[in-house]
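Single-letter residue listing:
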Amino acid sequence: MQRRQLLRRGAAFFSVIAAGPLITACGGGNGKVPQPPGSGDSGPPLGTHVFSLGVASGDPRADSVVLWTRVERSNPGNNGDIPLRLQVSTSADFDTLLVNQNLVATQVYDHTVRAKITGLQPDTRYHYRFVAGRDISAIGLTKTAPAASSTREQLRFAWFTCQDWSVNHWGALDLLAAEDDLDFTVHVGDYIYETVGAAFQAGQVEPAHAPIKLPNGMPLADGSVAALTLDDYRTLYRTYRSDKRLQEVHRKFPFIAIWDDHEFSDDCWQDHQTYNNANQQQTGRRRAANQAWFEYMPVDMGDVSFDLNDQRYDNIRIYRDFQFGPLMHLVMTDQRLYRDDHAIPEALVPMAQGATLEQAMQMDTSVGARYFTPLPMLLLGQSVNLMTQQPRTSAPSILGKTQTQWWKDTMRQSTSTWKVWGNELSLSRMWADLRNHPAVTTPELKQVFAINADCWDGYPAHRTELMQHLTQNNIRNVVAITGDLHAFQCGIVRDQIGYDPRQPDAPVNPPAGQPAMVDFVAAGISSNSFFSYLQSAAQAMPALQPLVADQPTFEAFMWRGIPAGAHPAFPQGAPGNNPDMLYGDHHAQGYATATITTSQMQVHFHKVRSLEGGQAPASPLLQTTRITLAAGSTTPVIG
């Protein structure tokens, strides 16, 4: 008999199954193992059940992994519970089984199931499948993490982000699925996009991705529709998971996920949306997004806590960490659920131009508040609530007090060679110094701007607090794997802000402070690029249009510098605005891989081609950029 322990937390909610001794596939455990599809005379006929979204594994540890699937009946009118069986084996033919366990998929959780398998061997590959009646899911592969005492000399993983269904193509997932030697994959947010038909989703999309229609939806002022209900968010996950390329990535590699904003609402904070300046609180909508994310991610409830009966917006906790032998400690944070509001209230921008508070609240003002934010005002907003003019007791935070302390403790106590921070938002400085811009004549534009204040640039005091924790405690070999920006980027992150608003004319380069860590940013799988967004934004700010006339000019302005005579707007040339940015490609889609040894971390940025005649390119890869960071260094080497 197979020995196992099964723990249920709610009806078919989450199961913990201890792998038992090997048993033969002719029977044992809790009953006879189902025969291959179509065999036998009893039970529902073949085709009664459908595993249309494939299988997935996630949150790998040295002795456990979580397995996931969704099953439905081919007769859509029958929405009752579906009994199924999970089988795990070390062999592809399942001739012997470590797990042969009954489970139930219920309508309460959209017929998704999650099971944590414990008692596994470290650094070992396993095969798994789900069986409902005579129907069998795809066979998944997974792998446990190396043990704490492992002598493995190398780890290899991929990370990806921002896979908007509605634009461009998912050829990057073809490339990722073709990787053969990955230990695991990481998703750093924007697994789904909550809107359909938004302005940033304009443009062509591959024919494989038909338009999405939400069953309920919340109409927005720009004519788009945003997910509102649990059915809406589930519809998005089902649609995204229907793509065979994404299914293959999940089938082949264990998956570690965190969310960013679009899993709930664009540029969100806590349970507030930012579709207009009122920053409306939407607790029910936030809770629906939380539940759908949990239902569709293969996450471990030993670390991720979720209470459906908790009526608060933060009824889920997803920050957690993973150990991969002595080589690597992976620290995953949540940068949306606990963050404070942006330092500059959006309504202040139109109010400064004469709008009443009531009028301003109904507008959608991101430029000047979250994007192209004047740095002096942003820094003032770290100490003063700009709406009430009252002093703040603490600077705005992204992680929140509890998670910040957890992050500090985790980093300080880590003994791994590499501390890798799974971080949704770019940490690198991205400023635009327009004080001496030859095309700028308006005095209020002759200052330093934070280009994207929705990321860490918008919370500089909090970033400084974290970076000083690293430098003051001599915590070395810290790198961030990042998404959100829709660009490839690599830069040094320092432990000082480097700008004093009391000295507005002082130079901002070279940057101030000690190097604390390195930030590696992966472009989105398909989302429109950061550069394309800036081109759109520049239509409202003519002084910026020369900077985004073409990508080479923008890259030169951002980090490379402009040689004398190379651009008519800068006849004497110009230095790059952000010299700590050592690489940037801000007009790109793709994904990133990393190879870690005791002596170095080597990152490859894989950029894909654009649509070709409206179709996904047959050969998606356009170029690969290699960046190497030696252990003990904070200066990556490009190429």
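Residues numbered from 1 in each chain as written. Predicted model: local features only at pLDDT ≥ 70, side-chain atom pairs only at ≥ 80, totals over all residues. Heavy atoms only, no water.

Draft legend 1. Looking closely at the overall build of the protein. Within the protein, the secondary structure is distributed over 11 helices and 38 strands. Expected size for 639 residues packed as a compact globule is a radius of gyration near 26 Å; at 25 Å, the protein falls within 12% of this value. Overall, the C-alpha framework of the protein stretches about 85 × 55 × 55 Å when taken along its three principal axes. Considering the protein as a whole, with its 639 residues, one finds that 61% of them fall into the buried category. Taking the 50 positively charged and 61 negatively charged side chains of the protein as two groups, their mean positions are separated by 6 Å. (Helix = DSSP H or I, 4+ residues; strand = E, 2+ residues; numbered from the N terminus. Rg over C-alpha atoms; globule rule 2.2 N^0.38 Å. Buried < 20%, exposed > 50% of the residue type's maximum accessible area, 1.4 Å probe, protein only. Lys, Arg positive; Asp, Glu negative; His and termini not counted. Charge placed at Lys NZ, Arg CZ, Asp CG, Glu CD.)

Draft legend 2. Here's a closer look at the environment of Leu375. Checked against the element boundaries, Leu375 lands in helix 7 (residues 375-383). Each C-alpha atom, one on Leu375 and one on Tyr499, is 8.4 Å from the other, the two residues being 124 residues apart in sequence. If near-sequence neighbours (up to four positions away) are discounted, Leu375 is found in contact with Trp431, Val448, Phe449, Ala450 and Tyr499. (Contact = heavy atoms within 4.5 Å.)

Draft legend 3. Focus on the sheet that holds strand 19 (residues 225-226). If you trace the three strands from one edge of the open sheet to the other, you get 17-19-18, paired in antiparallel fashion. In this open sheet, the two strands that pair with only one neighbour each are strand 17 (195-196) and strand 18 (218-219). (Pairing = 2+ DSSP bridges.)

Draft legend 4. Structural context of the state of the cysteines. Within the structure shown, the criterion is met by zero disulfides. Free cysteine: Cys162, not disulfide-bonded; nearest cysteine sulfur from Cys455 at 12 Å. On the basis of relative accessibility, which here comes to 0%, the residue Cys162 falls in the buried class. Cys490 takes part in no disulfide bond, and the closest cysteine sulfur to it belongs to Cys455, at a distance of 16 Å. Here Cys490 falls in the buried class, since its relative accessible area comes to 0%. (Disulfide = S-S within 2.5 Å.)

Draft legend 5. Representation of the pairing of strand 30 (residues 448-452). Within strand 30, five of the five residues are buried, which leaves the element mostly enclosed by the surrounding structure. Looking at chain direction, strand 25 (residues 371-374) and strand 30 are connected through three bridges and run antiparallel. Note on strand 30: the bridge partner recorded for Thr373 is Ala450. For strand 29 (residues 431-433) and strand 30, the ladder comprises three bridges, and the chain directions are antiparallel. If you follow Ala432 over to strand 30, its bridge partner there is Phe449.

Draft legend 6. Representation of the pattern of salt bridges. Evaluated as defined, the whole model comprises 32 salt bridges. Close ionic contact of Asp243 with Arg245 constitutes a salt bridge, the shortest N to O distance being 2.6 Å. Residue Asp243 is classed as buried on the basis of its relative accessible area of 6%. Residue Arg245 is classed as buried on the basis of its relative accessible area of 13%. (Salt bridge = Lys/Arg side-chain N within 4 Å of Asp/Glu carboxyl O.)

Draft legend 7. Highlighting the nonpolar core. Phe157, Trp159 and Leu330 are the most contacted members of the largest nonpolar core, which totals 138 residues. With six residues, the single largest contributor to this core is helix 4 (residues 283-296). In this structure Phe157 touches Leu182, Phe184, Val186, Met328, Val420, Ile481, Ala592, Thr593, Ala594, Ile596 and Met601, once residues within four positions along its chain are discounted. (Core = buried A, V, L, I, M, F, W, Y, C linked by side-chain atoms within 4.5 Å.)

Draft legend 8. Region of interest: the packing of aromatic side chains. Scanning the model with the defined rule gives 25 aromatic pairs in all. Considering the side-chain rings of Tyr193 and Phe200, the 6.0 Å spacing of their centres and the 50° angle between planes classify their relative orientation as tilted. Classification of Phe200 as partly exposed rests on a relative accessible area of 21%. Between the aromatic rings of Phe294 and Phe306, the centroid separation amounts to 5.1 Å while the plane-to-plane angle is 25°, which identifies the pairing as stacked. Taken together, the residues span a long stretch of sequence, with Phe294 in helix 4 and Phe306 in strand 21 (residues 305-306) at a distance of 12 residues. Here the two residues Phe294 and Phe306 agree in accessibility, since each one is buried. One aromatic cluster in this structure is built from Trp68, Phe160, Tyr191, Tyr237, Phe255 and Tyr296. Positioned above the aromatic ring of Trp68, the side-chain terminus of Arg241 is 4.3 Å from the ring centre. Over the face of the ring belonging to Tyr319 we find Arg317, whose NZ or CZ atom lies 5.2 Å from the ring centre. (Phe/Tyr/Trp six-rings, centres within 6.5 Å; stacked < 30°, edge-to-face > 60°. Lys NZ or Arg CZ within 6 Å of the ring centre and 35° of its normal.)

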